[in-house]
Each structure stands twice: as C-alpha cells, then as structure tokens.
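Survey of secondary and tertiary structure
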Amino acid sequence: MKISHSELAKKFINNESRTDWHDDTLWFVREKRDKAAHGIPEWEQLRDWASQIKDHTLSNLSSYLIEFEEKAKANGVHVHWAADADEHNKIIYQIIKNHGIQKIVKSKSMLTEECHFNDYIQEQGIEVVDTDLGERIVQFRKEPPSHIVLPAIHLKKEDVSATFHEHLNTEKGNNDPQYLTEAARQHLRSKFVESELAITGVNFAVAETGGFVVCTNEGNADMGAHTAAVHIACMGFEKIIPKVENLGVFLRLLARSATGQPITTYSSHFQKPRPGQEMHIVIVDNGRSKQLGREDFRNSLKCIRCAACFNTCPVYRRSGGHSYHSAVAGPIGSILNPNLDMKANSDLPFASTLCGSCSNVCPVKINIHEQLWKWRQVIVAEGHVDKSKKIGMQAMAFLFSKPSLYRFVGKSGRLIMQIFPFIINNKFNAWYKQREMPSPPKESFREWYLKNVKNNSNN
Ligand code: SF4
C-alpha cells in the first residue's frame, strides 16, 4: 500500500498555521458557493435536473457515446477509444510522433493526471507545459495538483514567489500577486507561440452535435487550441451529455459550485477543426466501465468535477490534497480511487467523518457519504483493512454484544482514568497526541438515564 492518508495528513498538519490558512481559504470558497447557489431560486430544481440527466445518460451510455462519435467524425474530428491510461498515453504519443512534434502545451485535464501523462510523455523526450497557472506552479515544483479546481491551493504567495524566482528568474522576495501573474503570463505566451500541439480536457461532450465544451477562467485552453496546428481533447467517457440544451443546466451549476462565479470566464465550444487544423478526441475508460457495473457506486460517474465536496469536507480542508495520494483527492476521489486499485486506496473511504456535507453540496446529487460508508464495508469484506483496525473492531463487536461486560468495562475504565490518567494520556494513544482528552464523566449515560427515569416516574 502507498503511504496512508493519515500518515501523509500528519505531515501536512505539522505546520499548524498553514493548516489553519488552508482550512479558512477553502471555507471561504465554500461560502462563495453558498452565496451563488442561494442567489438563484431554482437552484434545487437545477440540481434535480442535472442528477436526472446524468442518471439517464449513464443508463444509455453506449448509444450516446456512439452518437457522439458519429457526429464528431462527420464534423471532421478523429475519434479514438482508450481502454486504459496506457492506451490513452500511447494514442497521444503516436499523434505527436506522426507530426514530428517536440513541444506541446496542455490545459487543465484531471484525466491526464489520472493517466500520469506528463511523466510518460517526458520520458519520450517531449516537452509538455501545463498552461493553467496553478498547474504550471506545481509542475515547476514537481508536485501533483492538490485540488482539481485550484491545483496550487496548498501554496502561499511566498512559495509561488520562491518557485518563480528559481524557474522564471523573478525578483527574489517579490510576493506581489500581480507581478507574479504577469511573469507567468509572459512565460506562458512564449510557450503558446512555440507549441505545435495543444491538449485540452473536456467538461461536457454533446452527443447530438459531436461538439464539446471546455471551461477555464484563464482562457489558456483557447490560447493553446487556437494557436496549435493539432488539438487533442481527452475525456473520460462519463463527460457525455445528450443535448446542447443540457448545457444550460450544467454550466450554471458548475461555476457556482466550483468558485461561486455565475459562469466560468471562458466556456469554449469546440465543434470542428478550423481550416488547416487537425482535431482529435480521445475517449477513455480506465476503470469507468467497472465502476458503472458496481451498483452501489455507479452514480459517482455523474461527477462534473466542481470540487464543492472538497471545499466543504472538514477532513480535506485539514489534511490537504496530497494526503489522498491520487490524482483526484477529496470525498469524490475517495469513491473513485478504490475502484481503480482497491488495495492501494483502501485507506481513502475512511478519511471522512461521514457528516454528509459533501452530498449536501454536490450539484449532481451524488450520495457521496453513503458511498464512502459502503466502500468501507466492501474493503473490510475484501480483507484490505490493516490488522490493528480489524482486531479493534472485532473486540468492540464482542464488547457491544455483552451488555453486562460493556457496563463493567465502562465503569472500570472511568475509574482508572480518574485515578491513573497517564494510562490513557500517553504517546501510544493517537488521539492524545493532537488533543486534550476530556475528563471521564462521573456516571454513564445509562446510569444517568435510569436515575432520571426513576425520579420522573416517582414525581
Ligand atoms: S462529487 Fe459532486 S461536489 Fe464533488 S466534485 Fe463531483 S460534482 Fe462536485
């Protein structure tokens, strides 16, 4: 197994002020989302529609994908199908090779992160430049994004300044965001001009037209696609929607849920290559069919990657995206990743309080917290929990099934905690390491209840 979520989270929370700042920043985004959502009276209606459209699409997936392929081909677009990450990477490399291209630009695409495309293509000697500002920052630092919408949200402006000083030769210690953004802009402009091939993600692919929509706030997908001779768009097959009119629902939900904006700054519609340009679409499965076949988890494929569930999650906000050791972090990542590799990601469904806030904010009404709970059951049944947790749970099950033993242990425990607190408050107790332990109550709830019921019935 990879290093677990709790181990990685431990590193993140070592820096308490940064953890507080990360928590506050994401909560600020969550509040912006609330304001935007409450600003339109039909919000819940939109969520219902989005959920229903996605349910319908998932139930008729093959016919919509085939319709999309036919329409896209008729528009002059080359359509490729990739069963897994490896095939996705090889298809793109083949296109690059066919054109003898050495430099490419890429706008934000979590699918390419999922497929580890950058590592693969750099091993082939091709330069790939991420053009989303946050992604470029983490690319310079050789880190993965920590958030699907705000890839560098774990970094402060001082970190960005140091990174740009090292890679872009900006003034040392100049933390002015405008200065730093301008430096990035100049740097990226030259990359756009040099590049011959642009890769973009896809937010929505429309079956009835064969067109697709890419949403960015920086216009970098457009810059890349409009300057390069070859445009490759990569999409997981769940990005398909039936009709253009459905965009009216999803575009309104996406931006408000993601950043609290009424609309993403650039919602660019691509339909066919411009004269002289070549356009490709790579449609990827990579475990999605398997997830579709899992009755309890199939509707996780409704996700539109808005990250609202990240921003509201108390665990994500206080453990940081890198602690999820996967391309897609947060609550939805904890549902998607065990499908890709159950053993390696068996810790993720446990990284949740199951408070349900993620499900409350999800614009497509995915029952996220219920699926996290269901994954825990699958993971236990498949034997992927560590021994100490398993033994602990078995001991608790035994104790809970013997009421008199439970009462005896509770009473003795309270007594021991009062007389010898160090037995509980020591470095072997993981809870005690980070928290003050509460003092033990004088009586159990049961004792209190019996006493009060007795008193009340005597009155
Ligand atoms: S699960 Fe829902 S809230 Fe989370 S990223 Fe996907 S659409 Fe957004």
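Going by the structure above, here's the rest.
Structure report, in brief. A quick note: this is a predicted structure, and the numbers were derived from the prediction, not measured. (Residues numbered from 1 in each chain as written. Predicted model: local features only at pLDDT ≥ 70, side-chain atom pairs only at ≥ 80, totals over all residues. Heavy atoms only, no water.)

1. Focus: unusual backbone geometry
The bulk of non-glycine residues show a negative phi, and the bulk of peptide bonds are trans. This is how it is decided: Whether a residue is buried, partly exposed or exposed follows from its accessible area with a 1.4 Å probe, protein chains only, as a fraction of its type maximum: under 20%, in between, or over 50%, in that order. Under the DSSP-based scheme used, a helix requires at least four consecutive residues in state H or I and a strand at least two consecutive residues in state E, with every element numbered from the N terminus.
Phi angles above zero are rare outside glycine, and A307 is one such case at about 75°. Of the residues examined, A307 reaches a relative accessible area of 2% and is grouped as buried. In the Ramachandran plot, H325 falls in the positive-phi region, its phi being about 40° despite a non-glycine side chain. Looking at the element boundaries, H325 is found in the loop between α15 (314–319) and α16 (330–340).

2. Comments concerning the site of the ligand
For clarity, the threshold we go by: To be near a molecule or strand, a residue needs just one of its heavy atoms within 4 Å of it. Note on residue categories: nonpolar means Ala, Val, Leu, Ile, Met, Phe, Trp, Tyr, Cys or Pro, charged means Asp, Glu, Lys or Arg, and polar means any other residue, Gly included.
Around the ligand, the structure places 13 residues, and the nearest of them are C303, C306, A307, C309 and C362. Split into classes, the residues belonging to the shell around the ligand amount to 12 nonpolar, no polar and 1 charged.

3. Observations concerning the packing of aromatic side chains
The condition is simple: Between the rings of Phe, Tyr and Trp (Trp by its six-membered ring), a pair exists once the centres lie within 6.5 Å; its type follows the angle of the planes, with under 30 degrees stacked, over 60 edge-to-face, and the other angles tilted. Any Lys NZ or Arg CZ that is within 6 Å of a ring centre and within 35 degrees of that ring's normal is treated as a charge sitting over the ring.
According to the stated counting rule, one finds 11 aromatic pairs in the structure shown. Centre to centre, the rings of Y316 and Y324 are 5.9 Å apart; their planes meet at 35°, and the pair counts as tilted. A relative accessible area of 0% means that Y316 is categorised as buried. Relative accessible area serves as the criterion here: at 0%, Y324 is assigned to the buried category. Taking the ring centre of F250 as reference, the NZ or CZ of K54 above it sits at 5.5 Å. Just above the ring of F350 sits the side chain of K389; from NZ or CZ to the centre is 4.2 Å.

4. Describing the state of the cysteines
The condition that has to hold: Disulfide: a pair of cysteine sulfur atoms within 2.5 Å of each other.
Applying the stated criterion across every chain, the model contains 0 disulfides. Left unpaired, C358 is separated from the closest cysteine sulfur, that of C355, by 6.1 Å. Since its relative accessible area comes to 7%, C358 is described here as buried.

5. As for the packing of helix α19 (residues 387–400) against helix α20 (residues 403–419)
What counts here: For helices, the fitted line uses only the C-alpha atoms of the stretch in contact; every axis is such a line through C-alpha atoms, and the angle between N-to-C directions lies from 0 to 180 degrees. Throughout this description, any angle smaller than 35 degrees is read as roughly parallel, any larger than 145 degrees as roughly antiparallel, any in the 65 to 115 degree range as roughly perpendicular, and the remainder as oblique. Here, two residues are considered to be in contact whenever any of their heavy atoms come within 4.5 Å of each other.
The contact between α19 and α20 brings their axes to 7 Å, and the two run at 110°. It follows from the interaxial angle that α19 and α20 lie roughly perpendicular. Taken together, the residues of α20 that come into contact with α19 (itself represented by F398, L399 and F400) are L405, Y406 and V409. Looking at the contact of α19 with α20 residue by residue, the classes come out as 6 nonpolar, no polar and no charged.

6. Things to note about the layout of surface pockets
To keep things clear, this is the line we draw: Using only the protein atoms, space was sampled on a 1 Å grid; points where a 1.4 Å probe fits but cannot get out form cavities, open sets with protein on both sides within 12 Å along at least five of seven lines form pockets, and lining residues are those with an atom within 4 Å of a point. Grid points are joined across faces, edges and corners, and a volume is the space filled by probe spheres set on the points.
As a volume, the largest pocket reaches approximately 2100 Å³. In terms of lining, the largest pocket is formed by 44 residues, of which the most central are S6, K389, A430, W431 and R435. At the level of elements, α1 (5–13), α2 (16–38), α15, α18 (368–381), α19, α20 and α21 (430–434) are the ones that each hand at least two residues to the lining of the largest pocket. Estimates place the volume of the second largest pocket at around 1300 Å³. Forming the boundary of the second largest pocket are 49 residues, of which K108, D132, V149, L150 and P151 lie nearest the centre. Split by residue class, the lining of the second largest pocket holds 26 nonpolar, 12 polar and 11 charged.

7. Section: the sheet that holds strand β4 (residues 197–200)
Note the threshold: Here, strands pair whenever DSSP counts at least two bridges between them.
In space, the 6 strands of this open sheet follow the order β1-β10-β7-β4-β2-β3, with parallel pairing throughout. Two strands in the sheet have a free side with no partner beyond their single neighbour: β1 (78–82) and β3 (127–130). Taken pair by pair, the neighbouring strands of this sheet meet at an average axis angle of 20°, ignoring direction. Inspection of the sheet shows strand β2 (residues 103–106) paired to β3 by 4 bridges, in the parallel sense. Paired with V105 across the two strands is V129, which belongs to β3. Running at roughly 145° to β1, helix α4 (residues 61–74) makes contact with β1, β7 (230–236) and β10 (278–284) of the sheet. Contacting β2 and β3, helix α10 (residues 177–194) runs over the sheet at an angle of about 135° to β3.

8. Here we look at the pairing of strand β6 (residues 211–216)
Within β6, 6 of the 6 residues are buried, which leaves it mostly tucked inside the rest of the structure. Burial along β6 is two-sided: the residues G211, V213 and C215 and F212, V214 and T216 are all buried. In the sheet, strand β5 (residues 204–206) pairs with β6 via 3 bridges, with the strands oriented antiparallel. Residue F204 lies in a different strand from β6, and its bridge partner there is V213. In sequence, β5 turns back onto β6 through a hairpin of 4 residues, with G210 there showing a positive phi of about 75°. Strand direction decides the pairing type here: β6 and strand β9 (residues 266–270), joined by 5 bridges, are antiparallel. Considered in β9, the bridge of V213 is made with H269.

9. Observations regarding a nonpolar patch on the surface
Under the convention used in this document: Patch building starts from residues that exceed 30% relative accessible area and form no salt bridge, then joins like charges within 9 Å and nonpolar side chains (Val, Leu, Ile, Met, Phe, Trp, Tyr) within 5 Å. We get accessible surface area from the Shrake-Rupley algorithm with a probe of 1.4 Å; when it comes to residues, only the shown protein chains can shield them. Salt-bridge detection follows one rule: a side-chain nitrogen of Lys or Arg within 4 Å of a carboxyl oxygen of Asp or Glu.
Residues L415, I416, I419, F420, F422 and I423 make up a contiguous nonpolar surface patch of about 590 Å² in total accessible area. With respect to the helices, strands and loops of the structure, F420 is situated in the loop between α20 and α21.

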